[in-house]
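Listed here are the chains, written in short residue letters.
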Amino acid sequence: GAVLAVGVDLVDNEERLWLSRIEPFTGAVEPLFQGKLGEAATGCAYDPISDRLYVSGFGPRPGSLASDARIWAFTAAGELLWTRSWGRPVSKPAFTGKPADIGHAVTVTTSGEPVLVGESRLNKEDDDPWERWAFANRYDHDGTLSAGRSWTSVDAADGAGAYAVAPDLNDR
(Lines give C-alpha, C1' and ligand atoms only; values in the text may rest on other atoms or scores of the structure.)
Protein backbone atom coordinates (compact mmCIF):
# COMPACT_ATOMS: atom_id res chain seq x y z
CA GLY A 1 0.00 0.00 0.00
CA ALA A 2 0.84 3.66 -0.19
CA VAL A 3 2.88 5.50 2.44
CA LEU A 4 3.00 9.12 3.53
CA ALA A 5 6.47 10.60 3.17
CA VAL A 6 7.78 13.84 4.64
CA GLY A 7 10.82 15.57 3.22
CA VAL A 8 12.56 18.81 2.38
CA ASP A 9 13.20 20.49 -0.97
CA LEU A 10 15.96 23.03 -1.44
CA VAL A 11 14.61 26.15 -3.17
CA ASP A 12 16.96 29.11 -3.69
CA ASN A 13 19.18 27.74 -0.88
CA GLU A 14 16.24 27.57 1.55
CA GLU A 15 14.58 24.43 2.81
CA ARG A 16 10.89 23.78 2.28
CA LEU A 17 8.84 21.02 3.93
CA TRP A 18 6.70 18.70 1.78
CA LEU A 19 4.29 15.84 2.38
CA SER A 20 3.44 13.32 -0.35
CA ARG A 21 1.63 10.02 -0.72
CA ILE A 22 3.93 7.50 -2.41
CA GLU A 23 2.98 4.15 -3.89
CA PRO A 24 6.23 2.16 -3.55
CA PHE A 25 5.30 -0.56 -6.04
CA THR A 26 4.20 1.70 -8.89
CA GLY A 27 6.35 4.72 -8.08
CA ALA A 28 3.32 7.04 -8.15
CA VAL A 29 3.83 10.24 -6.13
CA GLU A 30 0.93 12.45 -5.07
CA PRO A 31 2.01 15.79 -3.54
CA LEU A 32 -0.27 16.63 -0.60
CA PHE A 33 1.30 19.63 1.17
CA GLN A 34 4.08 22.13 0.58
CA GLY A 35 5.33 24.27 3.46
CA LYS A 36 6.75 27.77 3.47
CA LEU A 37 10.35 28.54 2.60
CA GLY A 38 12.59 28.00 5.59
CA GLU A 39 10.47 25.20 7.08
CA ALA A 40 12.16 21.83 7.46
CA ALA A 41 10.98 18.42 8.63
CA THR A 42 13.05 16.21 10.91
CA GLY A 43 10.64 13.38 11.75
CA CYS A 44 7.07 12.13 11.76
CA ALA A 45 4.72 9.88 13.72
CA TYR A 46 1.35 8.43 12.77
CA ASP A 47 -1.54 8.02 15.21
CA PRO A 48 -3.81 5.23 13.95
CA ILE A 49 -6.54 6.07 16.49
CA SER A 50 -7.07 9.67 15.31
CA ASP A 51 -5.80 8.92 11.78
CA ARG A 52 -3.37 11.84 12.02
CA LEU A 53 0.22 12.35 10.97
CA TYR A 54 2.40 14.58 13.16
CA VAL A 55 5.60 16.12 11.78
CA SER A 56 8.49 17.60 13.76
CA GLY A 57 10.88 20.24 12.47
CA PHE A 58 11.63 23.93 12.54
CA GLY A 59 10.84 27.15 10.70
CA PRO A 60 11.72 30.84 10.70
CA ARG A 61 10.98 32.93 13.77
CA PRO A 62 9.16 36.07 12.59
CA GLY A 63 11.40 39.14 12.59
CA SER A 64 14.56 37.21 13.44
CA LEU A 65 17.35 35.14 11.94
CA ALA A 66 16.56 32.48 14.55
CA SER A 67 14.21 29.55 14.03
CA ASP A 68 11.50 28.05 16.21
CA ALA A 69 10.77 24.36 16.71
CA ARG A 70 7.59 23.33 14.90
CA ILE A 71 4.99 20.60 15.00
CA TRP A 72 2.46 20.10 12.21
CA ALA A 73 -0.70 17.96 12.39
CA PHE A 74 -2.18 16.49 9.19
CA THR A 75 -5.14 14.30 8.38
CA ALA A 76 -4.34 11.01 6.66
CA ALA A 77 -5.44 12.72 3.43
CA GLY A 78 -2.65 15.28 3.86
CA GLU A 79 -4.80 18.24 4.95
CA LEU A 80 -3.06 20.55 7.41
CA LEU A 81 -5.01 20.69 10.69
CA TRP A 82 -2.69 22.94 12.68
CA THR A 83 0.89 24.12 13.13
CA ARG A 84 2.47 25.18 16.41
CA SER A 85 5.79 26.92 17.01
CA TRP A 86 7.87 26.86 20.16
CA GLY A 87 11.02 28.74 21.02
CA ARG A 88 12.94 30.02 23.96
CA PRO A 89 13.40 33.80 23.93
CA VAL A 90 16.84 34.79 22.62
CA SER A 91 18.37 38.13 21.72
CA LYS A 92 20.16 36.67 18.71
CA PRO A 93 20.38 33.29 16.98
CA ALA A 94 22.94 30.74 18.07
CA PHE A 95 24.77 31.15 14.77
CA THR A 96 23.77 33.49 11.97
CA GLY A 97 21.31 31.68 9.70
CA LYS A 98 21.18 28.54 11.85
CA PRO A 99 18.18 27.35 13.89
CA ALA A 100 18.03 28.42 17.52
CA ASP A 101 15.20 25.98 18.36
CA ILE A 102 14.83 22.65 16.56
CA GLY A 103 12.10 20.02 16.88
CA HIS A 104 14.09 16.83 16.28
CA ALA A 105 11.43 14.14 16.75
CA VAL A 106 7.77 13.51 17.48
CA THR A 107 5.79 10.58 18.87
CA VAL A 108 2.23 9.92 19.96
CA THR A 109 1.49 8.85 23.54
CA THR A 110 -0.69 5.85 24.27
CA SER A 111 -3.51 8.35 24.95
CA GLY A 112 -3.08 9.89 21.48
CA GLU A 113 -1.29 13.13 22.36
CA PRO A 114 1.66 14.24 20.21
CA VAL A 115 4.96 14.95 21.99
CA LEU A 116 7.66 17.08 20.33
CA VAL A 117 11.28 16.86 21.55
CA GLY A 118 14.30 18.83 20.49
CA GLU A 119 16.88 21.37 21.51
CA SER A 120 17.33 25.09 21.99
CA ARG A 121 20.67 26.65 21.13
CA LEU A 122 21.26 29.84 23.09
CA ASN A 123 24.11 32.33 23.07
CA LYS A 124 25.69 32.50 26.51
CA GLU A 125 27.69 35.69 25.97
CA ASP A 126 29.54 37.32 23.10
CA ASP A 127 32.74 35.37 23.81
CA ASP A 128 31.05 32.00 24.41
CA PRO A 129 29.62 30.16 21.41
CA TRP A 130 26.36 28.71 22.80
CA GLU A 131 24.69 26.38 25.22
CA ARG A 132 22.03 23.76 24.50
CA TRP A 133 18.82 22.91 26.32
CA ALA A 134 16.70 19.84 25.60
CA PHE A 135 12.91 20.20 25.61
CA ALA A 136 9.82 17.99 25.52
CA ASN A 137 6.36 19.43 24.81
CA ARG A 138 3.04 17.56 24.89
CA TYR A 139 0.07 18.88 22.89
CA ASP A 140 -3.68 18.25 22.99
CA HIS A 141 -5.49 17.04 19.86
CA ASP A 142 -6.31 20.65 18.93
CA GLY A 143 -2.66 21.73 19.21
CA THR A 144 -2.83 23.35 22.64
CA LEU A 145 0.42 22.97 24.59
CA SER A 146 -0.64 20.86 27.59
CA ALA A 147 2.75 20.26 29.21
CA GLY A 148 6.34 21.20 28.52
CA ARG A 149 9.73 21.08 30.11
CA SER A 150 13.27 22.05 29.18
CA TRP A 151 16.50 21.02 30.86
CA THR A 152 20.25 21.03 30.41
CA SER A 153 23.00 18.75 31.63
CA VAL A 154 25.19 19.88 34.49
CA ASP A 155 27.87 17.41 33.37
CA ALA A 156 28.08 18.39 29.70
CA ALA A 157 29.99 21.57 28.88
CA ASP A 158 27.65 22.49 26.03
CA GLY A 159 24.36 21.24 27.47
CA ALA A 160 21.81 18.74 26.20
CA GLY A 161 19.51 18.01 23.28
CA ALA A 162 16.68 15.49 22.75
CA TYR A 163 16.92 13.67 19.40
CA ALA A 164 14.50 10.73 19.48
CA VAL A 165 11.31 9.88 21.33
CA ALA A 166 8.95 6.90 21.68
CA PRO A 167 5.79 6.33 23.69
CA ASP A 168 6.08 4.66 27.08
CA LEU A 169 4.14 1.45 26.38
CA ASN A 170 3.87 0.78 30.14
CA ASP A 171 1.78 3.98 30.49
CA ARG A 172 -1.64 2.66 29.45
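Criteria and thresholds
- Residues take numbers from 1 onward in each chain, read along the sequence in its written order.
- Local features in this predicted model are restricted to residues of pLDDT 70 or higher, and side-chain atom pairs are both shown and tallied only at a pLDDT of 80 or more, whereas totals for entire chains, interfaces and linings draw on every residue.
- Side-chain numbers here rest on the full set of heavy atoms in the structure, without hydrogens or water.
- Two strands pair if DSSP finds at least two bridges between them.
- Strands here are runs of E lasting at least two residues and helices are runs of H or I lasting at least four, both read from the DSSP assignment and numbered beginning at the N terminus.
- Axis lines are fitted through C-alpha atoms, for helices just across the contact stretch, and the angle between N-to-C directions can take any value from 0 to 180 degrees.
- Nonpolar core, defined: a set of buried Ala, Val, Leu, Ile, Met, Phe, Trp, Tyr and Cys residues in which side-chain atoms within 4.5 Å join the residues together.
- We call a residue buried when its accessible area falls under 20% of the maximum for its residue type, exposed when it is over 50%, and partly exposed in between, using a 1.4 Å probe and counting protein chains only.
- What makes a salt bridge here is a side-chain nitrogen of Lys or Arg within 4 Å of a carboxyl oxygen of Asp or Glu, nothing more.

Asker: In this structure, what is going on with the sheet that holds strand 2 (residues 14-22)? I would like to understand it.
Answerer: If you trace the three strands from one edge of the open sheet to the other, you get 1-2-3, paired in antiparallel fashion. Edge positions in the open sheet fall to strand 1 (3-11) and strand 3 (29-37), since each of these has one partner strand only. Strand-to-strand twist of the sheet, defined as the mean angle between neighbouring strand axes without regard to direction, takes the value 25 degrees.

Asker: Got a minute to help me understand the nonpolar core in this structure?
Answerer: In globular proteins that are soluble, nonpolar side chains generally tend to be buried together. Of all hydrophobic cores here, the largest spans twelve residues; its members are A45, Y54, A69, I71, A73, W82, W86, V106, V108, L116, F135 and Y139. At the level of secondary structure, the elements contributing two or more residues to this core comprise strand 6 (67-75), strand 7 (80-86), strand 8 (101-108) and strand 10 (131-139). A41, L53, V55 and W72 belong to the second largest nonpolar core, which has nine residues in total.

Asker: Would you explain the pattern of salt bridges in this entry?
Answerer: Pairing between side chains of opposite charge can happen when their charged atoms approach one another. Considering all chains together, one arrives at six salt bridges under this definition. Between D9 and R16 there is a salt bridge; the shortest N-O distance is 4.0 Å. Judged by relative accessible area, which is 18%, R16 ranks as buried. Within the structure, one salt-bridge network assembled from shared partners comprises R61, D68 and D101.

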